[in-house]
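The residues making up each chain are set out below.
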Amino acid sequence: MSAEFTTDQIDAGRRLFGGPSLFMLGVAKLEQLPEVKGVEIAFAGRSNVGKSSLINALTGVKDLARASNTPGRTRELNFFNIADRLTLVDMPGYGYAKASKKEVKQWQAVLRGYLRGRPGLTRAFVLIDSRHGVLDADRETFELLNESAVAFQLVLTKTDKIKPAELDKVKAETEAEAKKQAAAFPLIHATSSDKGWGLPELRARIADLL
Ligand code: GDP
């Protein structure tokens, strides 16, 4: 267990995600946004960063975030109800090479509209592939979050794919990137959905927001 969290916090995280997690709806247009109900958190990241895997691993529901990976759903904001206590929003993966400029513009407008007009949105978690570190596409997202005054935190994914020394290095580099961002928390979460590493701590962090 990480020294950062108390047993109580870890327990609170486990209890939160031990309840039922359900897919609510996918939103492609701002008009379709559901009413804000309590605390909302959002997950963002480049396509293939491991976002679906992380959402599935956090909730313990194997195919929960699959909907967001099926064609047609990938450009939607997908809303999940976590134990009736939290709304988790899976934002469309960015940096997808095959997307046209028009498509990119369209969903950026939806993202902007969502981020700017969402008082319940308590924190965004931006996922960073630990093998690549922060890339320009991520910095564009940081900018969008800064502009929208949405507090965000960075989460390293797939840490089982790199060596411990490399993880230390990417963690330090990612922390330095976060420190440059007005709306970012400098604390980095390191995770592996495959191994379950860092998940109790991330659940605890999220439960702390309630
Ligand atoms: P998304 O596009 O961000 O939703 O990414 P996915 O969750 O679909 O993951 C993309 C690829 O990375 C898949 O092949 C996953 O199996 C793999 N992956 C995701 N998380 C991990 C992880 O923690 N460890 C490893 N080794 N592979 C992972």
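This text goes with the structure placed above it.
This structure is a prediction, so every number in the text was calculated from the model and none was measured.

Trainee: It is not clear to me how the packing of helix α3 (residues 101-116) against helix α4 (residues 136-147) should be interpreted in this structure. Could you clarify?
Mentor: Two quantities define a packed helix pair, namely the angle between the helix axes and the distance between the axes. It is at 9 Å that the axes of α3 and α4 come closest, and there the two elements cross at 35°. Note that α3 runs across α4; the crossing there is right-handed. Each of Gln108, Leu111, Arg112, Leu115 and Arg116 in α3 lies in contact with α4, whose residues at this interface are Glu140, Leu144, Leu145 and Glu147.

Trainee: Sorry, what's going on with the environment of Ala190 here?
Mentor: Summarising the element assignment, Ala190 is placed in strand β7 (residues 189-190). For Ala190 and Ala57, which are 133 residues apart along the polypeptide, the C-alpha to C-alpha distance reads 14 Å. Setting aside residues no more than four positions away along its own chain, Ala190 makes contact with Leu156, Thr159, Leu167, Lys171, Trp197 and Gly198.

Trainee: Before we go on, may I ask you to explain the sheet that holds strand β4 (residues 86-90) in this structure?
Mentor: Backbone hydrogen bonds hold the strands of a sheet together, and the pairing may be parallel or antiparallel. Ordered by their spatial adjacency, seven strands build an open sheet running β1-β3-β4-β2-β5-β6-β7, and the pairing between neighbours is mixed. Two strands in the sheet have a free side with no partner beyond their single neighbour: β1 (21-27) and β7. Here four bridges tie strand β2 (residues 40-45) to β4, and the two strands are oriented parallel to one another. What sits directly across from Ala42, in β4, is Val89. Those strands touched by α3 are β2, β3 (77-82), β4 and β5 (121-129), and its axis lies near 40° from that of β3. Set on the sheet, α4 makes contact with β2, β5 and β6 (152-157); between it and β5 the angle comes to about 170°.

Trainee: Could you clarify how one ought to interpret unusual backbone geometry in this entry?
Mentor: Apart from glycine, the bulk of residues carry a negative phi angle, and the bulk of peptide bonds sit in the trans form. Although it is not a glycine, Ala83 sits at a positive phi angle of roughly 50°. Its identity is not glycine, yet Asp84 carries a phi of approximately 60°, on the positive side. Tracing the sequence through the fold places Asp84 in the loop between β3 and β4. Judged by its relative accessible area of 60%, Asp84 falls in the exposed class.

Trainee: Explain the site of the ligand here, please?
Mentor: Close to the ligand lie 15 residues, the nearest being Asn48, Lys51, Ser52, Ser53 and Asp160. Between the ligand and the protein, one listed contact pairs an oxygen atom with a backbone N or O atom of Lys51 at 2.8 Å. Here an oxygen atom of the ligand sits 2.6 Å away from a polar atom, N or O, in the side chain of Ser53. For the ligand, whose accessible area on its own is 580 Å², the fraction buried by protein is 75%. By residue class, the composition of the shell around the ligand is one nonpolar, eight polar and six charged.

Trainee: Help me understand helix α6 (residues 199-208), please; the structure alone is not making it clear to me.
Mentor: Counting along an α-helix, one turn takes 3.6 residues, and residues three or four places apart therefore face a common direction. By the criterion of burial, α6 is predominantly enclosed, with eight of the ten residues buried. When α6 is considered as a whole, its buried residues turn out to be Leu199, Glu201, Leu202, Arg203, Ala204, Arg205, Ile206 and Ala207.

Calculation notes
- Residues numbered from 1 in each chain as written.
- Predicted model: local features only at pLDDT ≥ 70, side-chain atom pairs only at ≥ 80, totals over all residues.
- Heavy atoms only, no water.
- Axes fitted to C-alpha atoms, helices over the stretch in contact; angles between N-to-C directions.
- Helix = DSSP H or I, 4+ residues; strand = E, 2+ residues; numbered from the N terminus.
- Left-handed = near helix turned anticlockwise from the far one by under 90°.
- Contact = heavy atoms within 4.5 Å.
- Pairing = 2+ DSSP bridges.
- Buried < 20%, exposed > 50% of the residue type's maximum accessible area, 1.4 Å probe, protein only.
- Near = heavy atom within 4 Å.
- Polar contact = N/O pair within 3.5 Å; in protein donor to acceptor, adjacent residues only side chain to side chain.
- Areas by Shrake-Rupley, 256 points an atom, 1.4 Å probe, with all protein chains shown as cover.
- Nonpolar A, V, L, I, M, F, W, Y, C, P; charged D, E, K, R; others polar.

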